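Residue-level structure breakdown
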Amino acid sequence: ELKVEQNPLFLSMQEGKNYTIYCNYSTTSDRLYWYRQDPGKSLESLFVLLSNGAVKQEGRLMASLDTKARLSTLHITAAVHDLSATYFCAVDIASGGGADGLTFGKGTHLIIQP
Amino acid sequence: AAGVIQSPRHLIKEKRETATLKCYPIPRHDTVYWYQQGPGQDPQFLISFYEKMQSDKGSIPDRFSAQQFSDYHSELNMSSLELGDSALYFCASSLGYTDTQYFGPGTRLTVL
């Protein structure tokens, strides 16, 4: 059974600071995703990471993937209040074909204080 | 850009009633996924369809069923509703099953 673990689950930080969210997964996967969710809202796709060493950046967010360590990181640079949200990593179970459902981590609830 | 459409957005039902949730994927997307998210929880995969055929099955209760129609929209049918079925139900769509899954706004189901 695929397990996806995120840490920390809760993070309160000040604007302007840097921090990293970690996502570990237990079995081989084709793809790793990062999603953002605001309270009561939908999940917004941030990044899709497909290969070992993949790094993607969008604004103050940067995601990376190490498939050998089964680890992905989401790094926040110079945080601003608007980045306050819950961030989920999710993994495709790589069953060999078909529309596989994603397995999500528990999410990191991020609060950025002015 | 067009997004995934879900209806209704909110639904209130009594225990033991039935509910039908609808999902209209992004145009040209042929793959649909259903997820359930309880309060404060991560989304749990229920079921998926690719080209109108069931593709993968997750933790979907036997009381629930789903299908994808010829126009690629999908419906999730829920019977004998229980209090624990109260949750946000998301539909996601993709172009093929290797594409990113794009999530709809969700249907908030409350069972009283």
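Everything here concerns the structure above.
All of the points below concern the structure found in this document. Please read all numbers here as calculations on a predicted model, not as lab measurements.

Now for the overall build of chain A. Broken down by element type, chain A carries zero helices and 11 strands. Along chain A, helices (α) and strands (β) appear in the sequence β-β-β-β-β-β-β-β-β-β-β when read from the amino end. Taken over C-alpha atoms, the radius of gyration comes to 14 Å for chain A, in line with the 13 Å a tight globule of 114 residues would show. Its C-alpha atoms give chain A principal-axis dimensions of about 45 × 30 × 20 Å. Among the 114 residues that make up chain A, the fraction classed as buried is 46%.

Counting secondary structure elements, chain B contains zero helices and 11 strands. Overall, chain B shows an N-to-C arrangement of helices and strands of β-β-β-β-β-β-β-β-β-β-β. Against the 2.2 N^0.38 benchmark of 13 Å for 112 residues, chain B shows a C-alpha radius of gyration of 13 Å, consistent with a compact globule. Expressed as a percentage of its 112 residues, the buried residues of chain B come to 48%. Accessible area of chain B: about 5,400 Å², with a carbon and sulfur share of 49%.

As enumerated under the stated definition, the model contains 10 aromatic pairs over all chains in all. Seen from their ring centres, A:Phe104 and B:Tyr35 are 5.8 Å apart, and the 90° between their planes marks the pair as edge-to-face. Residue A:Phe104 is found in strand 10 (residues 102-104), and its partner B:Tyr35 is found in strand 4 (residues 31-37); the two belong to separate chains. Across the pair, exposure class does not vary: A:Phe104 and B:Tyr35 are buried alike.

Another point: the pairing of strand 8 (residues 71-76) of chain A. Residue and element names in this part refer to chain A. Of the pairings in the sheet, the one linking strand 3 (residues 19-25) to strand 8 comprises six bridges and is antiparallel in character. Across the sheet, the residue bridging to Tyr19 is Ile76, located in strand 8. Examined bridge by bridge, strand 7 (residues 61-66) and strand 8 share six bridges and lie antiparallel to one another. Bridge pairing links Asp66 to Leu71 in strand 8. The turn joining strand 7 and strand 8, which pair antiparallel and follow one another in sequence, is formed by four residues; a positive phi near 55° is taken by Arg70.

A word on the interface of chain A and chain B. Taken together, the contact between chain A and chain B spans 21 residues of the former and 23 residues of the latter. Across the chain A/chain B interface, buried area totals approximately 1,600 Å², and carbon plus sulfur atoms make up 54% of it. Sorting the residues of chain A by area buried against chain B places A:Leu43, A:Ala99 and A:Phe104 first, and these three jointly supply 29% of that buried surface. Between chain A and chain B we count one salt bridge in total. Notably, a salt bridge pairs A:Lys106 with B:Asp42, separated by 3.4 Å at the nearest N-O pair. There are eight residue pairs in polar contact (both at pLDDT 80 or more) connecting chain A and chain B. Mapped by element, the contributors of at least two residues to the side of chain A that touches chain B are strand 4 (32-37), strand 5 (43-49) and strand 10 of chain A.

All right, on to unusual backbone geometry then. What you tend to see is this: most non-glycine residues have negative phi, and most peptide bonds are trans. A cis geometry characterises the amide bond from A:Asn7 onward to A:Pro8, with omega recorded as 0°. Along the chain, B:Ser7 connects to B:Pro8 via a cis peptide bond; the corresponding omega equals -10°. One non-glycine residue, B:Glu51, lies in the positive phi region at around 50°. A relative accessible area of 32% places B:Glu51 in the partly exposed class.

So, about the sheet that holds strand 7 of chain A. Residue and element names in this part refer to chain A. Reading across from one edge, 1-3-8-7-6 is the order of the five strands in this open sheet, with antiparallel pairing throughout. Only two strands of the sheet have a single neighbouring strand rather than two, namely strand 1 (4-7) and strand 6 (55-58). Strand-to-strand, the axes of this sheet are offset by a mean angle of 15°, without reference to chain direction.

Thresholds applied
Residues numbered from 1 in each chain as written. Chains lettered and ligands numbered in written order. Predicted model: local features only at pLDDT ≥ 70, side-chain atom pairs only at ≥ 80, totals over all residues. Heavy atoms only, no water. Helix = DSSP H or I, 4+ residues; strand = E, 2+ residues; numbered from the N terminus. Rg over C-alpha atoms; globule rule 2.2 N^0.38 Å. Buried < 20%, exposed > 50% of the residue type's maximum accessible area, 1.4 Å probe, protein only. Areas by Shrake-Rupley, 256 points an atom, 1.4 Å probe, with all protein chains shown as cover. Phe/Tyr/Trp six-rings, centres within 6.5 Å; stacked < 30°, edge-to-face > 60°. Pairing = 2+ DSSP bridges. Contact = heavy atoms within 4.5 Å. Buried area = accessible area lost by both parts, 1.4 Å probe. Salt bridge = Lys/Arg side-chain N within 4 Å of Asp/Glu carboxyl O. Polar contact = N/O pair within 3.5 Å; in protein donor to acceptor, adjacent residues only side chain to side chain. Axes fitted to C-alpha atoms, helices over the stretch in contact; angles between N-to-C directions.

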